[in-house]
Amino acid sequence: MSIFHKILIANRGEIAVRVMRTARAMGYRTVAVYSRADANAEHVRQADESVCIGQPLPAQSYLNIESIIAAARASGADAVHPGYGFLAENAAFAQACRDAGLVFIGPSPEAIVAMGDKAGAKRLMQAAGVPCIPGYQGDDQRTATLAAEAERIGWPVMIKATAGGGGRGMRLVTSAGAFAEQLQSAQSEALHAFGDATVILERAIVAPRHIEIQVFADRHGHAIHLGERDCSVQRRHQKVIEEAPSPAVDAALRARMGATAVAAAKAIAYEGAGTFEFLLDAQGQYWFMEMNTRLQVEHPVTEAVTGLDLVELQLRVAAGEPLPLTQDDVRITGHAIEVRLCAEDPQQGFLPQSGTLSAWRTSPALRTEHALRDGAEVPPFYDSMVAKLIASGRTRDEARQRLLAGLRDTVALGLSTNQALLQRALAHPVFADGEATTAFIGDHLDALLAADVAADTRAALLAALLLQTGARGWPSPLAHTLPNALRFALDGVVHTARVTPRGAARFEVVLDDAAPVSLALLALSDDGLLRFASDGVAAQARVVRRAERVDFHFDGRAFQLDDLTHVAVARADAGGGDGLLRASMNGRVVALLAAEGDTVTAGQPLVTLEAMKMEHVHCAPRAGRVAALHVAVGAQVAARHIVAEIAEA
């Protein structure tokens, strides 16, 4: 019989919804917590009960231990599931739950302390005989000491925040000259993300595989592993694509790495779900990096190949039950791949995006973990990942092809995402051949972001058709037959078009002075599904008309269309050197790097914004004098807001 009956999920978004799904299936009641920014969020809607825990900033809500414990008391919850991120690996939170008489669905505070600090965890693993990367994990955090240790280790060196994860507080440094600046940046980011600026140093293993082993342990002394996941495809040390099993791991290596992870879990009397992360080189040597004392974002690929529900196992172990299977019962069948759909603009340096999702449609061919719907708000305060898309198959290539097709069919309109980049990555020969390492995105970024001229042209022709039909969506039979001159921006690229009606819902379009193309509008449903033909070839798109623009999904991509037909064209000689520094995204000011009256050079850092847990430095647009700073540390600013003015010196 379970020792708890109502579970509070101390998290938000897709993981909160994911935990609720299994909890509800097992007969538990669920409680959501939410910040004021998430009052209408999907995880709140799906819970049996919900409690507001504070203001939008994480420190005022999802990181506020007192508020979450109070919410559990107010709702009558007797257990807490932390999800991942936020307080999931916070020993003080686990202890607070214990002190309040709540079951913490995760490891003990002692285990979190042991493995949550990267420096301490590394020392423990070295004592247990686990292979570790050479480095420095001492208490002396002076810049001079760290610089000397980096020289001893040898370049390149990786700086890592000891608290937290997700790529925050991590920097790769290739030379002594860049060390001090990168150290300060890593420490600042770590302090704002985790409240702790302590770092460790490690020798950088160039272009390795990132392999992690999923372990489970109960309080009765049993521990098993569920195979490995390959998480090598990363950007800024944040995982983008994960798969199980790894194309680089055979049965013998899996057994060795699994045995290492299980022995390490037993050495710290671990309980619950945990993941040991390793770097694997081309020679088959692996080194311990860290342990995540929680459920991982990428757990669905393990579920797909083992047939197990990892959240169910978490709940059973937390209730005191022994693990229902032994190591010999674990079977790895088929292959699964997951991609992380993130609200970011890859073409603008992966800037985080926030705003309203005008349309959201999932592919029935995929398992999609999300907390989205039409009209959902994506706030600027939290992680940029908005959904996970998972496909499985008998073989790796079958899973890859299914995921690629399902990703193309997924509709996410209203703000920029990495959807197109994910498709490029899945289709890239290096990934398709199973050869991707942690250097994959960096090595192939130009190809992953390259323009597809033919596809862009097809989309621009459709854009012209959408503007021609106008808000009514269907041309009037009484419309004139004179050419219509249009000017519009499609994802920021300006086009001109001349559209001439040629009969009922048929048009001739001349795009950017190219050869004419015949377009025909075939059908338009009430929910925005449009069918049209271009030179006799029929296709379809999903269209949402908004007050300020048109969003549409076509050919596997999302587009933003702005009508510029009646907007004055800027003079060709009107330069952009107005000296105004504008925020590149919605975010919070975490540092001012200059003062009013300072003389600055073009490109000199002026303001640091934090958005979706990452810091972004904004630099002077030209040389001159800081005439005005329009923000203060702690201020929340909107995209395009003027944060500073640079006048002539």
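This report concerns the structure included in the present document. Per-chain numbering applies: the sequence of each chain, read as written, is numbered from 1 onward. Side-chain atom pairs in this predicted model are given and counted only at pLDDT of 80 or more, local residue features only at pLDDT of at least 70, and totals for whole chains, interfaces and linings cover all residues. Hydrogens and water molecules were not included; the side-chain quantities draw on all heavy atoms of the structure.

Adjacent strands of a sheet pair through backbone hydrogen bonds, lying either parallel or antiparallel. Here, a strand pair is defined by DSSP locating no fewer than two bridges between the strands. Put simply, DSSP marks the helices as runs of H or I at least four residues long and the strands as runs of E at least two long, and each gets a number from the N terminus on. On the basis of which strands lie adjacent, the closed barrel formed by 8 strands has the order β24-β25-β26-β27-β28-β29-β30-β31 and antiparallel pairing. Adjacent strand axes in the sheet meet at a mean angle of 35° when their direction is disregarded. Summarising the sheet, strand β24 (residues 484–490) and strand β31 (residues 557–563) pair through 3 bridges and their orientation is antiparallel. Bridging across to β31, A489 finds its partner in D562. We call two residues in contact whenever any of their non-hydrogen atoms come within 4.5 Å of each other. For helices, the fitted axis covers only the stretch in contact; all axes are lines through C-alpha atoms, and the angles between them, taken along N-to-C directions, range from 0 to 180 degrees. Along the sheet, helix α16 (residues 453–469) makes contact with β24, β25 (493–501), β26 (506–511), β27 (517–524), β28 (529–534), β29 (537–545), β30 (550–554) and β31, crossing β24 at roughly 125°.

Because an α-helix completes one turn every 3.6 residues, residues spaced three or four positions apart along the sequence face the same direction. Exposed residues in this analysis have more than 50% of their type's maximum accessible area, buried residues have under 20%, and partly exposed residues fall in between, with area computed by a 1.4 Å probe over protein chains only. Every buried residue of helix α13 (residues 419–427) is listed here: Q419, L421, L422, Q423, A425 and L426. Here the buried face of α13 lies against β12 (238–244), β15 (335–342), α12 (396–409), α14 (429–432), α15 (440–449) and β30.

Contact geometry of helix α5 (residues 109–116) with helix α6 (residues 118–127) gives a least axis separation of 5 Å together with a crossing angle of 90°. Put simply, α5 runs roughly perpendicular to α6. Across the interface between the two elements, A114, M115 and G116 of α5 pack against K118, G120, A121, L124 and M125 of α6. Oblique is the label for any angle not under 35 degrees, not over 145, and not in the 65 to 115 range, which are roughly parallel, roughly antiparallel and roughly perpendicular in turn.

Quick look at the side chain of R373 now. Mapped onto the secondary structure, R373 falls in the loop between β20 (367–370) and β21 (377–378). Polar side-chain contacts of R373 include one of 2.7 Å to the backbone oxygen of N40. Dropping the residues within four chain positions of it, R373 is found in contact with N40, A41, E42, R45, L357 and W360. Definition of a polar contact: a pair of N or O atoms within 3.5 Å, with one able to donate and the other able to accept a hydrogen when the atoms are protein atoms, and with sequence-neighbouring residues admitted only if both atoms are side-chain atoms.

Mapping T438 onto the fold places it in the loop between α14 and α15. Judged by its relative accessible area of 23%, T438 is partly exposed. The spacing of T438 and A405 is 33 residues in sequence and 24 Å in space, taken between C-alpha atoms. When sequence neighbours within four positions are dropped, the list of residues in contact with T438 reads A207, P208, H210, S232 and Q234.

The next subject is the pattern of salt bridges. The rule for a salt bridge is simple: a side-chain nitrogen of Lys or Arg has to be within 4 Å of a carboxyl oxygen of Asp or Glu. In this structure the tally under the stated criterion is 44 salt bridges. Of the charged contacts in the structure, one is a salt bridge between R18 and D309, with a shortest N-O distance of 2.9 Å. With a gap of 291 residues between them, R18 in helix α1 (residues 13–25) and D309 in the loop between α10 (299–306) and α11 (310–318) connect regions that are remote in the sequence. A relative accessible area of 2% places R18 in the buried class. Between E398 and R402 there is a salt bridge, and its shortest N-O distance comes to 3.5 Å. Note that E398 and R402 are positioned in helix α12 at a spacing of 4 residues, about one turn of the helix. The exposure class assigned to R402 is partly exposed, which follows from its relative accessible area of 42%. Residues joined by salt bridges that share partners form a network here, namely E212, R229, K239, E242, E277, E298 and R340.

Counting buried positions along β15 gives 8 out of 8 residues, so the element sits mostly inside the fold. Neither face of β15 is exposed, since H335, I337, V339 and L341 on one face and A336, E338, R340 and C342 on the opposite face are all buried. Pairing geometry for β12 and β15, over 4 bridges, is antiparallel. Paired with E242 across the bridge in β15 is E338. Where β15 and strand β22 (residues 385–393) come together, 8 bridges link them in antiparallel fashion. Paired with A336 across the bridge in β22 is S392.

Spatially, 5 strands are ordered β3-β2-β1-β4-β5 in an open sheet, and the strand pairing comes out parallel. With partners counted over all chains shown, the strands left at the sheet margins are β3 (49–54) and β5 (103–104), one partner each. Note that strand β4 (residues 79–81) and β5 share 2 bridges and pair parallel. Its bridge partner being in β5, V80 is matched across the sheet by F104.

Limitation: the analysis is restricted to geometry and does not speak to function.
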